[in-house]
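Listed below are the residues making up each chain.
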Amino acid sequence: PHQHQHQQGGEDAGKAKKRRRRGRLRCAYRGWEVEEVALQGLVVEVVRAEKYTLFTLDDSTGCVQCLLWQPVAAAFTSKFVSKEASLAFEVAEERYVASRARVRLGAQLSVQGRVTMFQGDLQIKCSALQEHEDPNAETEHRLDTARLHRSIY
């Protein structure tokens, strides 16, 4: 998976390490701290709940659970509800509904998000999701990832 990173010194260069800082899971790969990941694959499992959509993405190197949370109005408002906050919530809700519709068995998706830990398993908390119709999209993604590993990682 593509990784957006910040340099972190003193890490073991050959192994990925995980640690918690201020309640968030932090991962490091070859001395680089990973804050967000991007991966692409096929949806092989979907669980829809009232407040979230949980799905498993198979990128042909393994499977990872991805979590798409429904926006909560309270996160967009304070003591005084503004028109801007209300509009921001409506946009976030529309984005969630559109993203949730893309998550279906067999769909080829790209996701971006933060690495989290839930009940001992890695999970991606999605911040962006895109569906791919092109059957070559996954191959192109894997070639881009291999290129990045050769030139950056």
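As the structure is a computational prediction, the values presented were derived from the model and not from experiment. (Residues numbered from 1 in each chain as written. Predicted model: local features only at pLDDT ≥ 70, side-chain atom pairs only at ≥ 80, totals over all residues. Heavy atoms only, no water.)

Asks: Could you clarify how one ought to interpret the overall build of the protein chain in this entry?
Replies: Per the secondary structure count, the protein chain includes 2 helices and 8 strands. In the protein chain, the order of α-helices and β-strands from amino to carboxyl end is β-β-β-β-β-β-α-β-β-α. The buried share of the protein chain, taken over its 153 residues, is 35%. When the accessible surface of the protein chain is summed, it comes to about 9,700 Å², and 53% of that surface belongs to carbon and sulfur atoms. (Helix = DSSP H or I, 4+ residues; strand = E, 2+ residues; numbered from the N terminus. Buried < 20%, exposed > 50% of the residue type's maximum accessible area, 1.4 Å probe, protein only. Areas by Shrake-Rupley, 256 points an atom, 1.4 Å probe, with all protein chains shown as cover.)

Asks: Explain the environment of alanine 88 to me, please; I cannot follow it from the model alone.
Replies: The topology assignment puts alanine 88 in helix α1 (residues 83–102). Since its relative accessible area comes to 33%, alanine 88 is described here as partly exposed. C-alpha separation for the pair alanine 88 and alanine 73, spaced 15 residues apart in sequence, amounts to 9.4 Å.

Asks: Would you mind going over the side chain of threonine 53 with me for this structure?
Replies: Relative to the helices and strands, threonine 53 is located in strand β5 (residues 52–58). Judged by its relative accessible area of 0%, threonine 53 falls in the buried class. In terms of polar contacts, threonine 53 uses its side chain to reach the side chain of tyrosine 96, at 3.4 Å. Within the local environment of threonine 53, its side chain forms a polar contact with the side chain of arginine 100, the two groups lying 3.3 Å apart. If we ignore the near neighbours within four places in the chain, the residues touching threonine 53 are Val46, Val47, Arg48, Cys66, Leu67, Leu68, Tyr96, Arg100 and Val103. (Polar contact = N/O pair within 3.5 Å; in protein donor to acceptor, adjacent residues only side chain to side chain. Contact = heavy atoms within 4.5 Å.)

Asks: How do you make sense of the pairing of strand β7 (residues 108–118) when you look at a structure like this?
Replies: The pairing of strand β4 (residues 32–48) with β7 spans 7 bridges and is antiparallel. By the bridge assignment for β7, leucine 42 is matched with glutamine 108. Note that β7 and strand β8 (residues 121–131) share 10 bridges and pair antiparallel. What sits directly across from valine 115, in β8, is isoleucine 124. Between the antiparallel neighbours β7 and β8 lie 2 residues, among them glutamine 119 with a positive phi of about 50°. (Pairing = 2+ DSSP bridges.)

Asks: Sorry, what's going on with the pattern of salt bridges here?
Replies: Side chains that differ in sign of charge can pair as their charged atoms come close. Following the criterion strictly, the structure yields 1 salt bridge and no others. For arginine 104, the salt bridge goes to glutamate 131, with nearest N and O atoms at 2.6 Å. Taken as a pair, arginine 104 in the loop between α1 and β7 and glutamate 131 in strand β8 lie far apart in primary sequence, 27 residues in all. The class of arginine 104 is partly exposed, set by a relative accessible area of 39%. Residue class for glutamate 131 comes out partly exposed when judged on its relative accessible area of 22%. (Salt bridge = Lys/Arg side-chain N within 4 Å of Asp/Glu carboxyl O.)

Asks: How do you make sense of the packing of aromatic side chains when you look at a structure like this?
Replies: What describes a pair of aromatic rings is the distance from one ring centre to the other and the angle between the planes of the rings. Summed over the entire model, instances satisfying the criterion amount to 1 aromatic pair. Each ring, one from tyrosine 52 and one from tryptophan 69, has its centre 5.5 Å from the other, and the planes form 65°; the classification is edge-to-face. Residue tyrosine 52 is found in strand β5, and its partner tryptophan 69 is found in strand β6 (residues 63–69); the two are separated by 17 residues along the sequence. What makes tyrosine 52 partly exposed here is its relative accessible area of 28%. The class for tryptophan 69 is partly exposed, based on a relative accessible area of 43%. (Phe/Tyr/Trp six-rings, centres within 6.5 Å; stacked < 30°, edge-to-face > 60°.)

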